[in-house]
Amino acid sequence: MTYTGVVTTGGPADVRETSGLIISKVSVGTIDNNAYLLRCRATGEQLLIDAAADPQTLLALVGDGGLASIVTTHQHWDHWIALEEVAEATGARTYAGRDDIDGIKARIDVPVDDGDLIRVGEVELTARHLVGHSPGSIALVYRDPEGIPHLFTGDSLFPGGIGNTEKDPARFASLLKDVEEKIFGELPDETWFYPGHGGDSTLGAERPKLPEWRERGW
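Conventions we followed
Residues numbered from 1 in each chain as written. Predicted model: local features only at pLDDT ≥ 70, side-chain atom pairs only at ≥ 80, totals over all residues. Heavy atoms only, no water. Helix = DSSP H or I, 4+ residues; strand = E, 2+ residues; numbered from the N terminus. Rg over C-alpha atoms; globule rule 2.2 N^0.38 Å. Buried < 20%, exposed > 50% of the residue type's maximum accessible area, 1.4 Å probe, protein only. Contact = heavy atoms within 4.5 Å. Areas by Shrake-Rupley, 256 points an atom, 1.4 Å probe, with all protein chains shown as cover. Lys, Arg positive; Asp, Glu negative; His and termini not counted. Charge placed at Lys NZ, Arg CZ, Asp CG, Glu CD. Pairing = 2+ DSSP bridges. Axes fitted to C-alpha atoms, helices over the stretch in contact; angles between N-to-C directions. Arc of directions from axis to C-beta. Core = buried A, V, L, I, M, F, W, Y, C linked by side-chain atoms within 4.5 Å. Salt bridge = Lys/Arg side-chain N within 4 Å of Asp/Glu carboxyl O.

I'm lost on the overall build of the protein chain in this one. Help?
Broken down by element type, the protein chain carries five helices and 15 strands. In terms of C-alpha radius of gyration, the protein chain reaches 16 Å, essentially the compact-globule figure of 17 Å for 218 residues. Considered along the principal axes of its C-alpha atoms, the protein chain spans approximately 50 × 40 × 30 Å. Here the protein chain, with 218 residues, has 52% of them falling under the buried criterion. Sequence separation of 24 or more characterises 51% of the internal contacts of the protein chain that already satisfy a separation of 6 or more. When the accessible surface of the protein chain is totalled, it reaches about 9,500 Å², and 51% of it is carbon and sulfur. Positive and negative side-chain charges in the protein chain, numbering 19 and 35 respectively, have mean positions lying 3 Å apart.

Have a look at this one:
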């Protein structure tokens, strides 16, 4: 079936196959948090982005293949409620942005900085530090050598705007600058992005709206 990125809490995963990764998206918790399981096609190694809630749902998604890594995109509670339980059950190594670790009430093994590489099997993901929604928010970029780039944005970029900066002009300016320079400035329009809540989009669909976002201030 064709991947749409539309998932509902309690519903099945939506699965997308790329040349190097199988990407499974599920919705968990009470506020429609997205979690993404990435499976290396060559090795079977798996990485989870945001153990947000419903640990049993996430462990069922992982299945018998084991889980090597868990990446938490940022420190807000709704993105790590299940982190401790899933990490303990699987023995996965845990990653988060260096400047957000103090706000995550679970073990973080590896602090992540801008440009760091995180591996899942033979696949490399590049971390981009995006400051504003939280101090240490990170996005992950997968450049498929045989297809389009794929981008996991946490709560820093959504269809229709950047993440919530609580009407703080300095935080808004910081996040918009980082998103424009590190995301829109470096990745092509066909890049498909996967946010922390709700449906997906492409950079090409959102790029024309950047002046509108700047003008409205959120």
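That covers the picture; the talk isn't over yet.
What exactly am I supposed to notice about the sheet that holds strand β7 (residues 110–112) here?
With mixed pairing, the seven strands of this open sheet are ordered in space as β1-β2-β3-β4-β5-β6-β7. A single partner strand is all that each edge strand has here, and the edge strands are β1 (14–17) and β7. The mean angle between the axes of side-by-side strands here comes to 20°, regardless of whether they run parallel or antiparallel. With four bridges joining them, strand β5 (residues 69–72) and strand β6 (residues 93–97) adopt parallel strand pairing. The residue bridging valine 71 from the neighbouring strand is tyrosine 95, located in β6. The strands touched by helix α1 (residues 55–62) are β2 (21–28), β3 (33–40) and β4 (46–49); relative to β2, the strand with the most contacts, the crossing angle is about 160°. Against the sheet, helix α2 (residues 83–90) contacts β4, β5 and β6, and its axis sits at roughly 165° relative to β5.

I tried to follow α2 on my own but got confused; where do I start?
Because each turn of an α-helix spans 3.6 residues, side chains separated by three or four positions end up pointing in the same direction. Those residues of α2 not exposed but buried are Leu83, Val86 and Ala87. The buried residues of α2 occupy one face: seen down the axis, they fall within an arc of 100°. Within α2, the exposed residues directed more than 90 degrees away from the buried face are Glu88 and Ala89. Where the residues of α2 are buried, they touch β4, α1, β5 and β6. Note on α2: the residue one or two positions beyond its end, glycine 91, has a positive phi of about 75°.

Explain the nonpolar core here, please?
Side chains that are nonpolar tend, in soluble globular proteins, to be buried together. Counting 23 residues, the largest nonpolar core has Leu21, Leu38, Leu47, Leu125, Leu140 and Phe152 as the members making the most contacts within it. In contact with leucine 38, not counting residues within four places along its chain, are Leu21, Ile22, Ile23, Glu45, Gln46, Leu47, Ile49, Val120, Leu125 and Phe152. Core analysis: the next-biggest nonpolar cluster, separate from the first, contains 22 residues, Val26, Ala53, Ala82 and Ala92 among them.

Teacher, can you tell me more about the pattern of salt bridges here?
Side chains that differ in charge, positive against negative, can pair when their charged atoms come close. Per the counting criterion, the structure on display carries 14 salt bridges. When the shortest N-O distance is used, the salt bridge between arginine 128 and glutamate 186 registers 2.7 Å. A residue pair is termed long-range when its members are at least 10 positions apart, and arginine 128 in strand β9 (residues 123–129) and glutamate 186 in the loop between α3 (169–184) and β14 (192–195) qualify at 58 residues. By relative accessible area, which is 11% here, arginine 128 ends up buried. Judged by its relative accessible area of 41%, glutamate 186 falls in the partly exposed class. Of the charged contacts, one joins arginine 207 and aspartate 189 as a salt bridge, the two residues approaching to 2.5 Å between their closest N and O atoms. Of this pair, arginine 207 sits in the loop between α4 (203–206) and α5 (210–216) while aspartate 189 is found in the loop between α3 and β14, placing the two residues 18 residues apart along the sequence. Each of Asp114, Arg128, Lys182 and Glu186 takes part in salt bridges that share partners, so that together they form one network.

Looking at this structure, I do not really get the sheet that holds strand β15 (residues 201–202). What am I missing?
What links the strands of a sheet is backbone hydrogen bonding, and the strands pair in either a parallel or an antiparallel sense. In spatial order, the strands read β8-β9-β10-β11-β14-β15; together these six strands make up an open sheet with mixed pairing. The open sheet is flanked by β8 (117–120) and β15, the only strands paired with a single partner. Pairing between β8 and β9: four bridges, direction antiparallel. The partner of valine 120 across the bridge, within β9, is valine 123.

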